[in-house]
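Each chain, letter by letter, is given below.
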Amino acid sequence: MSETRTILLADAAQNGPRRRRAVPRQRTSLWHREARFGQIFISGYTLLLLAFGIVPALYALYLSFTRNGAFVGFENFTRIFADYRFWPAATHVAVYILFWLISLIVVVVALALIVHAIKVRWVSASARFLYYIPGAIAGASSVMLWLFLLDPTVSPVAGLLRGIGLDTLVRTVSIDNLPVIFTIIAFWTGAGSWIVIMYGALNNIDAEVMEAARIDGANAVQTAWHIQLPMMTKWISYMGVMSLAAGTQLFVEPRILSQATRGVVPEDYSLNQLAYLYAFRQNDFSGSAAISIVLLAIALILSSIFIFRGKLFESD
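It should be emphasised that the depicted structure is a prediction, and the values quoted were computed from it without experimental measurement.

What counts and what doesn't
Residues numbered from 1 in each chain as written. Predicted model: local features only at pLDDT ≥ 70, side-chain atom pairs only at ≥ 80, totals over all residues. Heavy atoms only, no water. Helix = DSSP H or I, 4+ residues; strand = E, 2+ residues; numbered from the N terminus. Buried < 20%, exposed > 50% of the residue type's maximum accessible area, 1.4 Å probe, protein only. Contact = heavy atoms within 4.5 Å. Areas by Shrake-Rupley, 256 points an atom, 1.4 Å probe, with all protein chains shown as cover. Axes fitted to C-alpha atoms, helices over the stretch in contact; angles between N-to-C directions. Parallel < 35°, antiparallel > 145°, perpendicular 65-115°, else oblique. Left-handed = near helix turned anticlockwise from the far one by under 90°. Nonpolar A, V, L, I, M, F, W, Y, C, P; charged D, E, K, R; others polar. Salt bridge = Lys/Arg side-chain N within 4 Å of Asp/Glu carboxyl O. Polar contact = N/O pair within 3.5 Å; in protein donor to acceptor, adjacent residues only side chain to side chain. Core = buried A, V, L, I, M, F, W, Y, C linked by side-chain atoms within 4.5 Å. Phe/Tyr/Trp six-rings, centres within 6.5 Å; stacked < 30°, edge-to-face > 60°. pLDDT = per-residue confidence, 0-100. Patch = residues over 30% accessible without salt bridge, like charges linked within 9 Å, V, L, I, M, F, W, Y side chains within 5 Å.

Trainee: So what's going on with the overall build of the chain? Residues and values would help.
Mentor: When its secondary structure is counted, the chain shows 14 helices and two strands. Expressed as a percentage of the 316 residues in the chain, the buried residues total 35%. Within the chain, counting contacts between residues at least 6 apart in sequence, those at least 24 apart form 66% of the total. Total accessible area on the chain stands at roughly 19800 Å², and carbon and sulfur atoms take up 66% of it.

Printed below as a string of structure tokens:
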């Protein structure tokens, strides 16, 4: 018995290391192969990111600290902060982003939960398709569509507009109403695709977890609040980051409304519009770059809140 055991131990000592070494080699080879293909797939995106993202951002950073090629420190930032148009434009963008994010997170998640709760397949599929249709309309086209809807003289909902005291286009697009109008336009064009994404996130929740909640007696509201929403946190954070980045770039909507109303909506309503005026009306690219860097810094700070609060990069 001892002799047999000795032979087996000797065989294990001789062949064991060889077998243990073989598995890591195979895994290492597979990992290198996958990494090579991954690098090929992302190479195009990386080049575009460098050409149209990182390099322009670095150039804007350079311009924001120089003037006519000379280093001026924070002079450009001080100058734009002192501009009487800057803080009203910043306030307009901040109010719009607040309305936009709240409506997006609350309504999109609620609608996604409702669509997911519908058990009839064709009804659910039809609802998702209808939600997605407005997202297929380009931004400028969507604004033109809403310009038609907001004009009481031609709008199909003119009775509703007149009922709330908006009998002309000028009154409809007054400064006080613009944050709500821009929120509605943005929700119309962007919410549908996010509903579809949130619906996919809900489908990834393990069916056994949902079944366990049902067996424990949880109703639809309790299941959504205690199970589905916590498991959708990362997706909601991702939606917040992307929507925040889009919201800070408010430009097309106020510009088209400004042209359509002949200046009722000011040309410097948003920070992006103000940066445009600095660059192409005042020929002050340094001031325009400073505004862009301020927007970038604000977007990064607010996005980091969504990322860390939503644990976006943490593995489950």
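From this point, the narrative continues.
Trainee: Requested: an account of the packing of helix H13 (residues 271-280) against helix H14 (residues 285-309), with residues and values cited.
Mentor: Contact geometry for H13 and H14: axes closest at 7 Å, N-to-C directions at 160°. As the angle between them shows, H13 and H14 are arranged roughly antiparallel. For the element pair H13 and H14, the recorded crossing hand is left-handed. Listed contacts from H14 to Leu271, Asn272, Leu274, Ala275, Tyr278, Ala279 and Phe280 of H13 are Phe285, Gly287, Ser288, Ile291 and Leu295. Residue composition of the contact of H13 with H14, by class: nine nonpolar, three polar and no charged.

Trainee: Can you tell me about the pattern of salt bridges, naming the residues and giving the values?
Mentor: Throughout the structure, instances matching the rule amount to six salt bridges. Between Arg79 and Asp284 there is a salt bridge whose closest N-O contact spans 2.4 Å. Of the two residues, Arg79 sits in helix H2 (residues 75-82) while Asp284 sits in the loop between H13 and H14, which places them 205 residues apart along the sequence. The residue Arg85 makes a salt bridge to Asp83 at a minimum N-O spacing of 2.8 Å.

Trainee: Describe helix H9 (residues 207-215), with residues and values.
Mentor: Two or three places before Glu208, at the opening of H9, Asp206 has a side-chain oxygen 3.1 Å from that residue's backbone nitrogen. Among the residues trailing H9, Gly217 stands out with phi positive, at a value near 95°.

Trainee: I'd like a description of the environment of Thr168, backed by residues and values.
Mentor: Summarising the element assignment, Thr168 is placed in the loop between helix H6 (158-163) and helix H7 (169-172). With 15 residues separating them in the primary sequence, Thr168 and Thr153 have C-alpha atoms 7.2 Å apart.

Trainee: Account for the nonpolar core, naming residues and giving values.
Mentor: When a protein is soluble and globular, its nonpolar side chains tend to lie buried together. Counting residues in each nonpolar core, the largest one holds 54 residues, and the members touching the most others are Val108, Val173, Phe182 and Leu271. Examining the composition of this core, we find that 13 residues originate from one element, helix H3 (residues 86-117), more than from any other.

Trainee: Any details on the packing of aromatic side chains? Residues and values, ideally.
Mentor: Here the structure, examined in full by the defined rule, presents 14 aromatic pairs. Ring centres of Tyr59 and Tyr62 lie 6.3 Å apart, and the angle between their planes is 25°; this geometry places the pair in the stacked category. You can see Tyr59 and its partner Tyr62 sitting in helix H1 (residues 2-64), three residues apart, about one turn around the helix. A residue is classified by how much of its surface remains accessible, and Tyr62, at 43% relative accessible area, is partly exposed. Ring plane angle 85° and centroid distance 6.1 Å describe the contact between Phe280 and Phe285, whose orientation is recorded as edge-to-face. One aromatic cluster is present, built from ring pairs that chain together Phe251, Tyr276, Phe280 and Phe285.

Trainee: Explain the confidence of the model for the chain residue by residue, including any values.
Mentor: Segments scoring low in pLDDT should not have their predicted coordinates read at a detailed level. Per-residue confidence for the chain gives a mean pLDDT of 82; residues scoring 70 or more make up 83%. The weakest mean pLDDT in the chain belongs to helix H4 (residues 121-132) at 63; the strongest belongs to H2 at 95. Every residue in residues 1-23 is under pLDDT 50, and counting partners more than four places away or in other chains gives two contacts.

Trainee: Just give me the short version of a nonpolar patch on the surface, but keep the residues and values in it.
Mentor: Nonpolar side chains collect at one region of the surface, where Tyr45, Leu47, Leu49, Leu50, Ile54, Val55, Leu58 and Leu61 lie side by side and expose about 750 Å² of accessible area between them. Inspection of the secondary structure puts Tyr45 in helix H1. Among the residues examined, Tyr45 registers a relative accessible area of 57% and is labelled exposed.

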